[in-house]
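Residues per chain are reported as follows:
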Amino acid sequence: LVVLGIETSCDDTAAAVVRSNGQILSQVVSSQADLLAQFGGVAPKMAEEAHSRVIDQVVQEALDKAEITEKELSAVAVTIGPGLSLCLRVGVRKARKLAGTYVLPIVGVHHMEAHALVARLVERELQFPFMALLISGGHNLLILARDLGHYIQLGTTIDDAIGEAYDKTAKWLGLDMRKSGGPAVEELAREGDANSIVFKVPMKQHKDCNFSYAGLKTQVRLAIEANNIDAEIPISSASSEDRRARADIAASFQRVAVLHLEEKCERAIEWALKIEPSVKFLVVSGGVASNQFVRARLNHIVEKKCLQLVCPPPSLCTDNGVMIAWTGIEHFRMGRYDTPPPACEPEDVVLDLRPRWPLGEEYAEGRSEAR
Ligand code: ATP
Ligand code: FE
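Residues numbered from 1 in each chain as written. Chains lettered and ligands numbered in written order. Predicted model: local features only at pLDDT ≥ 70, side-chain atom pairs only at ≥ 80, totals over all residues.

Engineer: Help me understand the site of ligand 1 in this model?
Structural biologist: Residues in contact with ligand 1 amount to 23 residues; listed here are only the nearest, Gly138, Gly163, Gly182, Gly287 and Asn291. Those elements that place two or more of their residues in the shell around ligand 1 are α5 (162-172) and α6 (181-189). If one sorts the elements of the shell around ligand 1 by residue count, α6 sits on top with four residues. Of the residues that constitute the shell around ligand 1, the class distribution is four nonpolar, 16 polar and three charged. (Near = placed C-beta within 6 Å. Helix = DSSP H or I, 4+ residues; strand = E, 2+ residues; numbered from the N terminus. Nonpolar A, V, L, I, M, F, W, Y, C, P; charged D, E, K, R; others polar.)

Engineer: Any chance you could explain the environment of Leu1 here in plain terms?
Structural biologist: Here Leu1 shows up in the segment before β1 (2-7). Counting along the chain gives 98 residues from Leu1 to Ala99, while the straight-line C-alpha distance between them is 16 Å. Aside from chain neighbours lying at most four places away, what touches Leu1 is Arg19, Ser20, Ser74, Ile329 and Phe332. (Contact = placed C-beta atoms within 7 Å.)

Engineer: In this structure, what is going on with helix α9 (residues 292-304)? I would like to understand it.
Structural biologist: Since the α-helix turns once every 3.6 residues, residues separated by three or four places project in the same direction. Taking 1.5 Å per residue as the helical rise, α9 with its 13 residues ought to reach 18 Å, and the 19 Å between its terminal C-alpha atoms agrees with that figure. Looking only at α9, the buried set comprises Val294, Leu298 and Val302. Viewed along the axis of α9, the buried residues span an arc of 60°, placing them on a single side of the element. Summarising the geometry of α9, the exposed residues directed more than 90 degrees from the buried face are Gln292, Ala296, His300, Glu303 and Lys304. In this structure, the buried side of α9 is in contact with α8 (240-275), β9 (281-285) and β10 (308-310). Immediately beyond the C-terminal end of α9, within one or two residues, lies Cys306, with a positive phi of roughly 60°. (Expected span 1.5 Å × (residues − 1). Buried ≥ 20, exposed ≤ 12 C-beta atoms within 10 Å, placed from the backbone. Arc of directions from axis to C-beta.)

Engineer: What's the story with the environment of Phe332 in this structure? I'm lost.
Structural biologist: Within the element layout of this structure, Phe332 appears in helix α11 (residues 322-333). Given 19 C-beta atoms within 10 Å, Phe332 falls into the partly exposed group. In the structure, Phe332 is positioned 133 residues away from Phe199 in sequence and 47 Å away in space, judged by C-alpha atoms. Among all residues touching Phe332, those that are not within four sequence positions of it are Leu1, Val3, Ala75, Pro105, Val107 and Tyr337.

Engineer: What should I look at first to understand the packing of helix α2 (residues 44-66) against helix α3 (residues 85-102) in this one?
Structural biologist: Angle between the axes and distance between the axes are the two parameters that describe a pair of packed helices. Here α2 crosses α3 at 20°, and the two axes come no closer than 8 Å. With respect to each other, α2 and α3 are oriented roughly parallel. In terms of crossing hand, the pair formed by α2 and α3 is right-handed. Here α2 contributes Pro44, Lys45, Ala47, Glu48, His51, Ser52, Ile55 and Val59 to the contact with α3, which in turn contributes Leu86, Cys87, Val90, Gly91 and Lys94. (Axes fitted to C-alpha atoms, helices over the stretch in contact; angles between N-to-C directions. Parallel < 35°, antiparallel > 145°, perpendicular 65-115°, else oblique. Left-handed = near helix turned anticlockwise from the far one by under 90°.)

Engineer: I tried to follow the pairing of strand β2 (residues 12-19) on my own but got confused; where do I start?
Structural biologist: Taken residue by residue, a regular strand's side chains alternate between the two faces of the sheet. Burial analysis of β2 places seven of its eight residues in the buried class, the great majority of the element. Where β1 meets β2, six bridges bridge the pair, whose relative direction is antiparallel. Note that in β2 the partner of Leu4 across the bridge is Val17. Joining the antiparallel neighbours β1 and β2 is a turn of four residues. In sequence, β2 turns back onto strand β3 (residues 24-31) through a hairpin of four residues, with Gly22 there showing a positive phi of about 95°. (Pairing = 2+ DSSP bridges.)

Engineer: Any chance you could explain the sheet that holds β9 here in plain terms?
Structural biologist: The strands making up a sheet associate through backbone hydrogen bonding, with each pair oriented either parallel or antiparallel. Read across the open sheet, the six strands follow the order β10-β9-β6-β7-β8-β11; overall the sheet is mixed. Every interior strand has two partners, whereas the edge strands, β10 and β11 (361-362), have only one. Here four bridges tie strand β6 (residues 130-135) to β9, and the two strands are oriented parallel to one another. Residue Met131 lies in a different strand from β9, and its bridge partner there is Leu282. Each of β9 and β10 touches α9; the most contacted strand, β10, lies at about 150° to it.

What follows is the structure, encoded as structure tokens:
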């Protein structure tokens, strides 16, 4: 099988061609980071326009690099949710057009499932059931993957995701936002003293596996105000004393943000082993999983629990087309796809958007265990 994957759920336009043996034939990402830095966040309408401008070119480049034509594809996979519907629509329109024109089977993919399953492309030993911690800009999920398409949600965020907290911290610290905020905070944190400011670890009193990052964000903002840090002055122009204060906040924030992950992860592993004692792996994926400090700390927890950590390389942790193509392959193999009738119009290709789409059911017993 050889599948094209298309991803436009948020601010990156991505496409890739992947073989069912795991070979990545091409991978193209067009980022809107410059736009984001300019306007300080994702504006759906603007993001939609940016996707529309580049989608044809990104897909063509993915096919060209893979040295493959549309006709040679086995299927097209595309993200149908969760995400911004204006943005999702751009990718879905393109996928429908290809499927309609070339009579290709089409697979609608769950963006967060794809973040988790790409680990099976990276680590071929990774069998179901396994656990996944998915940490990105919009999600903070602890999942037990029992089988393909069969997930139990052990925990989620009650407000913000960790990536959002990294992004706001970066913005308030006056860091260079041309890349996303996370890498900038990670880099600055290396210079700082992680114990200089005592932030409170969120949700300590809750014996569940849920997350909260809104309160930590507020604590960071207050520390920034207390230290008279002016985000209008970029870090590159800050005095050495000012830079030091910013680095201390970055390091202290990161320590507590990750401690929160560690605590909930440890509990989730215990829950998961009760449901599926044969779990051997914890997958950590999503944009924040590219962070070296996050990886090292979670590795420590996983080893303590005698499990193994699988963390895809950074280019497969942040949004990409490979994970969509791969998840398409996994579902295609199981017969989960639609084939359009020959010579139909793109509008006749059946594929609905699912902008809000939970990944699996909530772990009901968790509620009583949490008491
Ligand atoms: P979602 O997957 O929830 O829909 P998204 O698709 O926007 O959100 P991803 O591309 O998966 O998110 O991840 C982007 C997030 O990852 C951003 O918040 C970014 O700051 C964060 N991130 C990327 N690299 C790092 C890093 N090295 N350290 C911390 N955070 C990082
Ligand atoms: Fe994502």
